[in-house]
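Structural features, examined
One-letter residues, chain by chain:
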Amino acid sequence: MDFAFLDLEKGINFNFFFKRKKIFIIHGHDQDNVEKLQNMLYSFNLEPIVLGQHYSFEAPTIIEKFEKIGARCKYAIALCTPDDLINKDDKIYSQPRPNVLYEIGWFCARLGRKRVLIFVKDGTDIFSDFQGVIQVRFKGNVKECYESLHKALRNQNIA
């Protein structure tokens, strides 16, 4: 992990946390790619926000915590990975976790579709309702999306 906020001689740079634009990472079970995406965002001098890594004493439920933290973010990136196997009408397919789909919709409503980016891992089916949201496919490693991510963030004056 890139610790750009830590200078071994000066200690922790707290301005790092307050001046950087916050980017929410929506995800399911693929923790390895979450960490890779966090590092890519750090390289753009942005602050990645992962819900499970934040504690909120003022929000008693997960949805309240999500709303409080999500409201502070300028952009959202969803990692759609084949986490749930669906068997319907003799057809089997994989889709992202339900929380991922919900959070994509929440951020599209809050920030607008142009400020939401969806990374779709091969083997993952995604709902046609998300056709108006920028989508980038990748095979196994989210680092494959580095240039697409940088371009999308530049287009919205984020990076």
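Above: the structure in question.
Reference entry: report on the structure contained in this document. For every chain, the first residue of the written sequence is number 1, and numbering continues from 1 along that sequence. Since the coordinates come from a predicted model, pLDDT governs what is reported: local features require at least 70, and pairs of side-chain atoms require 80 or more to be given and counted, while whole-chain, interface and lining totals use all residues. Where side-chain values are given, they derive from all heavy atoms of the structure, hydrogens and water being excluded.

A few points about the pattern of salt bridges
By definition, a salt bridge exists where a carboxyl oxygen of Asp or Glu is found within 4 Å of a side-chain nitrogen of Lys or Arg. Tallying each qualifying case throughout the model produces four salt bridges. Between Lys22 and Glu47 there is a salt bridge, with its nearest N and O atoms 3.2 Å apart. With Lys22 in strand E3 (residues 22-26) and Glu47 in strand E4 (residues 47-49), the pair connects residues that are 25 residues apart, well separated along the chain. For the pair Lys22 and Glu47, a shared accessibility class is recorded, and that class is buried. For Asp32, the salt bridge goes to Lys36, with nearest N and O atoms at 2.9 Å. Linking Asp32 with Lys36, this pair stays in helix H2 (residues 31-43), spanning four residues, or about one helical turn. The helix and strand labels rest on DSSP assignments: H or I over at least four residues marks a helix, E over at least two residues marks a strand, and numbering proceeds from the N terminus. Each residue is assigned to one of three classes by its accessible area relative to the maximum for its type, calculated with a 1.4 Å probe on protein chains only: buried under 20%, partly exposed between the two thresholds, exposed over 50%.

Some thoughts on helix H5 (residues 146-155)
What sets the pattern is the α-helix's 3.6 residues per turn: residues three or four places apart point alike. Residues Leu149, Ala152 and Leu153 constitute the buried set of H5. The buried residues of H5 all sit within an arc of 95° when viewed along its axis, so they share a single face. Set apart from the buried face of H5 by more than 90 degrees, the exposed residues are Glu147 and Asn155. In this description, contact between two residues means that some pair of their heavy atoms is separated by no more than 4.5 Å. Those residues of H5 hidden inside the fold are in contact with H2, strand E5 (75-80) and strand E8 (116-121). Note that the arc is computed from the directions linking the helix axis to the C-beta atoms.

Considerations on the side chain of Gln95
Note that Gln95 resides in strand E7 (residues 91-95). Looking at Gln95, the relative accessible area reads 12%, which means it is buried. If we skip the residues at most four places from it in the chain, Gln95 touches Thr81, Pro82, Asp83, Asp84, Ile86, Thr124, Asp125 and Phe127.

Observations concerning the sheet that holds E8
Following DSSP output, two strands are said to pair if at least two bridges run between them. Ordered in space as E4-E3-E5-E8-E9, the five strands form an open sheet in which the pairing is parallel. At either margin of the open sheet sits one strand with a lone partner, and together these are E4 and strand E9 (134-138). Averaged over all pairs of adjacent strands, the angle between their axes in this sheet comes to 25°, without regard to strand direction. Judged from the four bridges that link them, E3 and E5 form a sheet pairing that is parallel. Pairing of Phe24 across the sheet is with Ala76, part of E5. An axis is simply a line fitted to the C-alpha atoms; with a helix, the fit covers only the stretch in contact. Between two such axes, the angle follows the N-to-C directions and lies from 0 to 180 degrees. Taken strand by strand, helix H4 (residues 98-111) contacts E3, E5 and E8, and its axis lies near 160° from that of E5.

A short note on the pairing of E7
Both strand E6 (residues 84-88) and E7 contribute to a ladder of five bridges, which runs antiparallel. Following the sheet pairing, Leu85 is matched in E7 by Ser94. Between E6 and E7, which pair antiparallel one after the other, the connecting turn spans two residues, and Asp89 there sits at a positive phi close to 50°.

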